[in-house]
Amino acid sequence: MSTALRICPLCEATCGLTLTLDNGRVTGARGDRDDVFSEGFICPKGAAFPEVDADPDRLVRPLIRENGALREADWAEAFDLIAARLRPLIEEHGPNAVALVLGNPNVHTVAGALYPPLLIGALGTRNLYTASTLDQMPKHVSSGLLFGDAFAVPVPDLDRTDHLLMLGANPLDSNGSLCTAPDFPGRLKALRRRGGTLTVVDPRRTRTARLADRHLAIRPGADALFLAALAHTLFAEDLVRLGPLAEYVQGVEEVRDAVRDFSPEAVAAACDLDADTIRTTARELAAAPTAAVYGRMGSSTVAYGTLGNWLVDVLNVLTGNLDRPGGALFPLSATAPAPRPAGPGKGFALGRWRSRVSGHPEAKGELPLAALAEEIDTPGEGRVRAVVTIAGNPVLSAPDGDRLDAALGSLDFMVAVDPYLNETTRHADVVLPPPPPSRSAHFDFAFNGFAVRNQARYSRPVLPLEEGRMDECEIHARLILAVSGLHGAPPSAVDDLAIERTLAKAVTQEHSPLYGADPKEQARLLAGRTGPERRLDLMLRLGPYDLVLDDLLQAPHGIDLGPMKPRLPGLLKTRSGRIELLPAPIAADLPRLRAALEAVPEPDSVRLVGRRHLRSNNSWLHNIPSLNGGSNRCTLQVHPEDAERLGLTAGAPARVKGEGGELTAEVEITEAVRPGVVSLPHGWGHDRPGTRLGVAAARPGVNVNQLLDGSLLDPLSGTAVLNGFPVQLSPLL
Ligand SMILES: Nc1nc2c(c(=O)[nH]1)N[C@H]1C(S)=C(S)[C@@H](COP(=O)(O)OP(=O)(O)OC[C@H]3O[C@@H](n4cnc5c(=O)[nH]c(N)nc54)[C@H](O)[C@@H]3O)O[C@H]1N2
Ligand SMILES: Nc1nc2c(c(=O)[nH]1)N[C@H]1C(S)=C(S)[C@@H](COP(=O)(O)OP(=O)(O)OC[C@H]3O[C@@H](n4cnc5c(=O)[nH]c(N)nc54)[C@H](O)[C@@H]3O)O[C@H]1N2
Ligand code: SF4
Ligand SMILES: [Mo]
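Rules used throughout
Residues numbered from 1 in each chain as written. Chains lettered and ligands numbered in written order. Predicted model: local features only at pLDDT ≥ 70, side-chain atom pairs only at ≥ 80, totals over all residues. Heavy atoms only, no water. Near = heavy atom within 4 Å. Polar contact = N/O pair within 3.5 Å; in protein donor to acceptor, adjacent residues only side chain to side chain. Areas by Shrake-Rupley, 256 points an atom, 1.4 Å probe, with all protein chains shown as cover. Nonpolar A, V, L, I, M, F, W, Y, C, P; charged D, E, K, R; others polar. Domains from an automatic or database assignment. Helix = DSSP H or I, 4+ residues; strand = E, 2+ residues; numbered from the N terminus. Buried < 20%, exposed > 50% of the residue type's maximum accessible area, 1.4 Å probe, protein only. Contact = heavy atoms within 4.5 Å. Phe/Tyr/Trp six-rings, centres within 6.5 Å; stacked < 30°, edge-to-face > 60°. Buried area = accessible area lost by both parts, 1.4 Å probe. Salt bridge = Lys/Arg side-chain N within 4 Å of Asp/Glu carboxyl O. Core = buried A, V, L, I, M, F, W, Y, C linked by side-chain atoms within 4.5 Å. Pairing = 2+ DSSP bridges. Axes fitted to C-alpha atoms, helices over the stretch in contact; angles between N-to-C directions. Arc of directions from axis to C-beta.

### Quick look at the site of ligand 2
Item 1. What surrounds ligand 2 is a group of 28 residues, the closest being Asn104, Asp418, Asn422, Ser619 and Asn705.
Item 2. A distance of 3.1 Å separates an oxygen atom of ligand 2 from a polar side-chain atom of Arg612.
Item 3. Contact between ligand 2 and Asn705: a nitrogen atom at 2.7 Å from a side-chain N or O atom of the residue.
Item 4. Burial of ligand 2 by the protein chains amounts to 95% of its free accessible area of 920 Å².
Item 5. Taken together, the residues of the shell around ligand 2 sort by class into 13 nonpolar, eleven polar and four charged.
Item 6. Counting the residues that make up the shell around ligand 2, at least three belong to each of domain 1 (63–135 + 348–432) and domain 3 (601–731).

This is the structure:
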């Protein structure tokens, strides 16, 4: 028996785990007390790591479709088939005939960080769809417009702030998002212990809301109105204090004009909050020595998602809290390029192309995942004929899974890189299964960029690859070669090319640590056992902390790089080189928000919101017995008043009808939801044939996204409205 360290890949908190190994298997997991960031924290999902790792339903060999049925194949056969089918399709119909779908776990794997950008380049397709348009794309668009960099996301300084205003997030169950903080619950408790204030805005009385000093049970979808009223109040009461930020910000007066109509009185009815409460919230935000406004899923996947995300940072700016300790700061990860000197940048463009069928504008190079089905099933020039999915299950995660399900079934060819045969991957002609996490290296390329403390931790695979398995990085590299017409070349060629390109650029950049160096010599210096390790080594060398891979290998519990530090103005890449507080696309979308002032919902209307459970992760952990035990979790939560009015009974089925379809769910009566709001979680509906999810299929639940038809989007970001959409309820009889 031995132990090994491994960062948990099951949510954004990135906790360090100590795994027990016995006989070539992981038999236990506990929190690593010496981890520089997580200091021993673990949640039930992390504790289930051994089970997640050894799930007998995980695919062991590639699958290929033959005469309509999937059969096991070897790797060579699988890649031969991809090269033989995908390449000719691209040559005949052009690159846009292939759509690439990237799901959430790509941000939790080394492969998902290093290879998809190269695959996108190799495919040359404009049909790129990711889970971002079911999630945080409004934040990317807002950051792109405000700061000129879609990845410049301010993160609340949880450990130092005096005041946190949190909207649409429930970190006690989600463990945090776009704010990477192991033991988020403990950090919130510490905030309160040191005399700080926590305000939670959520239509549900969540576990997080119960921890707060104040819970505002807003009407779903109204966050942007509420935030605009806070900004209005700051101006009206002369509470705007930019402090040192003033030098870097333009457009403050324009924002004053833009929010003039949104007085607390004007938004009160739409938000269903009283004007005094809104005013008090604004005053407290302004009065706090330091404060941070933080909005997540519930304020993002809504009709005014980009406006809401923009207003979050407008408030951080107007109160002088952006980029200052205790406020909302920009993390600086060890693999981010070393900061360049301040000055104008290229800015951020939206809508450089549009989707074929509905004309949705691209955002950050992506089209709305909600529009994928129509891009496949609408005939005509430019139709999507083949799909590659990597770590995604859009049949359950995106609106109108039934339509997408049918569309995927009609494709000429489909490839899935995924460990499971699930609702989506069952349509693939080739399934390429990556090994379980214990056999994969781990580095948080994505989440270190959103972490409340700068740090770097690397884990090598804790167990060797089993016979017949392929590392996920190699799977991605071979896929890239197969679609590029380079099928059969060694996968290391992909890493070598990436290194060569990166170095060629870096040595010409004056701010780069390798400015003026000889690229060939630098490439030879790179250490690491594998291509991806050499690429990590290079990124560290080009990064801001003078680190190399060997430093990480010498520090198995991680390297602490200190608290977040101010990064303005160097970080700004807007054309003006300043924070552009009222960008034109935002100004153009504000009339829509103004119209919402009048559109107060009917008194008896009901809106649906989602929820997460501590033991879940989107659609893919329902197959783990210890994470899917106990009572039914896929229940429709209804407030007692609504239940009474609508004749719904606890434990009995209710019919739920949305614009896109209807379903039946078991009623749970609870005051945890406010009147006029019901809640149903996502990621369920494991009752389709042809999957290999024994445990999940036995308790399938229903797919909430079947209530949607994919037409409700935040127009600036293409993000699906997954929260706060209208539904009708009735007892099933
Ligand atoms: N246990 C668990 N953890 C997870 C996941 C999981 O599935 N399970 N998924 C991971 C992923 S991919 C993500 S993106 C994160 C998300 O993590 P969070 O951003 O914390 O998201 P949720 O837990 O969905 O919480 C969203 C909250 O918004 C509320 N809400 C709904 N509509 C509105 C609204 O209009 N206004 C406001 N103010 N609130 C609203 C909901 O009631 C809900 O409590 O969690 C990650 N962590
Ligand atoms: N109604 C509603 N819908 C939602 C949400 C909501 O709150 N409400 N949340 C949305 C959010 S925030 C997100 S991020 C999306 C998520 O949407 P998706 O990313 O489509 O869904 P997941 O369930 O995370 O699917 C992950 C897939 O990755 C596979 N996988 C797991 N580990 C690995 C690995 O190591 N490598 C590879 N290659 N694959 C792996 C799993 O088997 C699964 O097929 O769902 C969105 N959908
Ligand atoms: S909080 Fe997230 S990262 Fe930490 S143990 Fe749980 S699932 Fe893993
Ligand atoms: Mo997400």
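### Observations regarding the environment of Ala482
Item 1. Relative to the assigned elements, Ala482 resides in helix α19 (residues 472–484).
Item 2. Owing to a relative accessible area of 1%, Ala482 belongs among the buried residues under this scheme.
Item 3. With 397 residues separating them in the primary sequence, Ala482 and Arg85 have C-alpha atoms 9.7 Å apart.
Item 4. Ignoring anything within four residues of it in the chain, the contact list for Ala482 reads Phe79, Ile82, Ala83, Arg87 and His487.

### Here we look at the site of ligand 1
Item 1. Near ligand 1 you find 31 residues, and of these Asp202, Gly221, Asp223, His613 and Asn618 are the closest.
Item 2. Leu614 has a polar backbone atom sitting 3.3 Å from a nitrogen atom of ligand 1.
Item 3. Asn617 is positioned such that a nitrogen or oxygen atom in its side chain is 3.3 Å from a nitrogen atom of ligand 1.
Item 4. When contributions to the shell around ligand 1 are tallied by element, the ones reaching two or more residues are α7 (171–174) and α14 (297–300).
Item 5. Its residues placed into classes, the shell around ligand 1 shows nine nonpolar, 14 polar and eight charged.

### Section: the packing of aromatic side chains
Item 1. Summed over all chains, the structure comprises four aromatic pairs.
Item 2. Measuring from ring centre to ring centre gives 5.1 Å for Phe147 and Phe330, while their planes differ by 85 degrees; the resulting arrangement is edge-to-face. With Phe147 in helix α6 (residues 137–147) and Phe330 in the loop between β14 (328–329) and α16 (372–377), this residue pair connects regions lying 183 residues apart in the sequence. Each member of the pair, Phe147 as well as Phe330, is classed as buried.

### Observations regarding the domain arrangement of the protein chain
Item 1. When its domains are assigned, the protein chain resolves into domain 1 (63–135 + 348–432), domain 2 (154–175 + 188–329) and domain 3 (601–731).
Item 2. The straight-line distance from the C-alpha centre of domain 2 to that of domain 3 is 28 Å.
Item 3. Across the boundary between the two partners, domain 2 contributes 23 residues, which contact 24 residues of domain 3.
Item 4. Surface buried jointly by domain 2 and domain 3 totals about 1,800 Å² across both partners, of which 57% is contributed by carbon and sulfur atoms.
Item 5. Considering only the side of domain 2, the residues that lose the most area to domain 3 are Arg204, Pro220 and Thr301, jointly responsible for 33% of the buried surface there.
Item 6. At the surface where domain 2 touches domain 3, the tally comes to one salt bridge.
Item 7. For Asp272, the salt bridge is made with Arg674, and the minimal N-O distance between the two is 2.9 Å.
Item 8. Our enumeration of links across domain 2 and domain 3 arrives at seven residue pairs in polar contact (both at pLDDT 80 or more).
Item 9. Where the side of domain 2 that touches domain 3 is concerned, the elements lending two or more residues are α7, α14 and α15 (305–318).
Item 10. Its residues placed into classes, the side of domain 2 that touches domain 3 shows ten nonpolar, seven polar and six charged.

### Observations regarding the pattern of salt bridges
Item 1. A complete count under the given rule lists 41 salt bridges for this structure.
Item 2. For Glu91, the salt bridge goes to Arg87, with nearest N and O atoms at 3.0 Å. Separated by four residues within a single helix, Glu91 and Arg87 lie in helix α3 (residues 75–93), roughly one turn from each other.
Item 3. Salt-bridge contacts for Asp313 lead to Lys139; the nearest nitrogen and oxygen are separated by 3.0 Å. Of this pair, Asp313 sits in helix α15 while Lys139 is found in helix α6, placing the two residues 174 residues apart along the sequence. Both residues of the pair, Asp313 and Lys139, count as buried.
Item 4. Several salt bridges share partner residues, and in doing so they unite Glu237, Glu265, Arg279 and Arg283 into one network.

### Thoughts on the nonpolar core
Item 1. Of all hydrophobic cores here, the largest spans 64 residues; its most connected members are Leu225, Phe226, Leu227, Trp310, Leu318, Ile579 and Leu581.
Item 2. Residues contacting Leu581, with those up to four places away along its chain left out, are Leu146, Val249, Gln250, Gly251, Val252, Val255, Trp310, Val314, Val317 and Leu318.
Item 3. Of all hydrophobic cores here, the second largest spans 53 residues; its members include Val417, Phe443, Ile475 and Leu561.

### Considerations on the sheet that holds strand β16 (residues 413–417)
Item 1. Pairing is mixed across the open sheet formed by seven strands, whose spatial order is β5-β4-β17-β16-β15-β6-β7. The strands lining the two open edges of the sheet, one partner per strand, are β5 (69–72) and β7 (128–130). Geometrically, the sheet is characterised by an average inter-axis angle of 15 degrees between neighbouring strands, direction not taken into account.
Item 2. Relative to β5, strand β4 (residues 63–66) runs antiparallel, the two being bridged by four bridges.

### Regarding helix α18 (residues 401–409)
Item 1. Of all the positions in α18, only Gly401, Leu404, Asp405, Ala407 and Leu408 are classed as buried. Projected down its long axis, α18 shows its buried positions confined to an angular sector of 165 degrees, all on one face. For α18, the exposed residues lying more than 90 degrees away from the buried face are Ala406 and Gly409.
Item 2. In this structure, the buried residues of α18 make contact with α16, β15 (386–390), α17 (394–397) and β16.

### Let's talk about the environment of Arg187
Item 1. Tracing the sequence through the fold places Arg187 in helix α8 (residues 184–193).
Item 2. The exposure class assigned to Arg187 is buried, which follows from its relative accessible area of 13%.
Item 3. When the C-alpha atoms of Arg187 and Ser38 are compared, they prove to be 11 Å apart, with 149 residues separating the residues in sequence.
Item 4. With residues up to four places along the chain from it excluded, the contact list for Arg187 reads Phe37, Leu158, Asp159, Ala181, Pro182 and Val452.
Item 5. A polar contact is formed between the side chain of Arg187 and the backbone oxygen of Phe37, at a distance of 3.3 Å.
Item 6. A distance of 2.7 Å separates polar atoms of two side chains, one belonging to Arg187 and the other to Asp159.

### Topic: the pairing of strand β23 (residues 606–609)
Item 1. As judged from the three bridges shared by β23 and strand β30 (residues 725–731), these two strands associate in the antiparallel manner. For Arg607, the partnering residue across the bridge sits in β30 and is Pro726.
Item 2. Examined bridge by bridge, β23 and strand β27 (residues 677–679) share three bridges and lie parallel to one another. Bridge pairing in β27 places Val609 opposite Ser679.

### A short note on the side chain of Thr290
Item 1. Among the structural elements, Thr290 can be located in the loop between α13 (275–287) and β13 (292–295).
Item 2. Reaching out from Thr290, the side chain makes a polar contact with the side chain of Asp162 at a distance of 2.6 Å.

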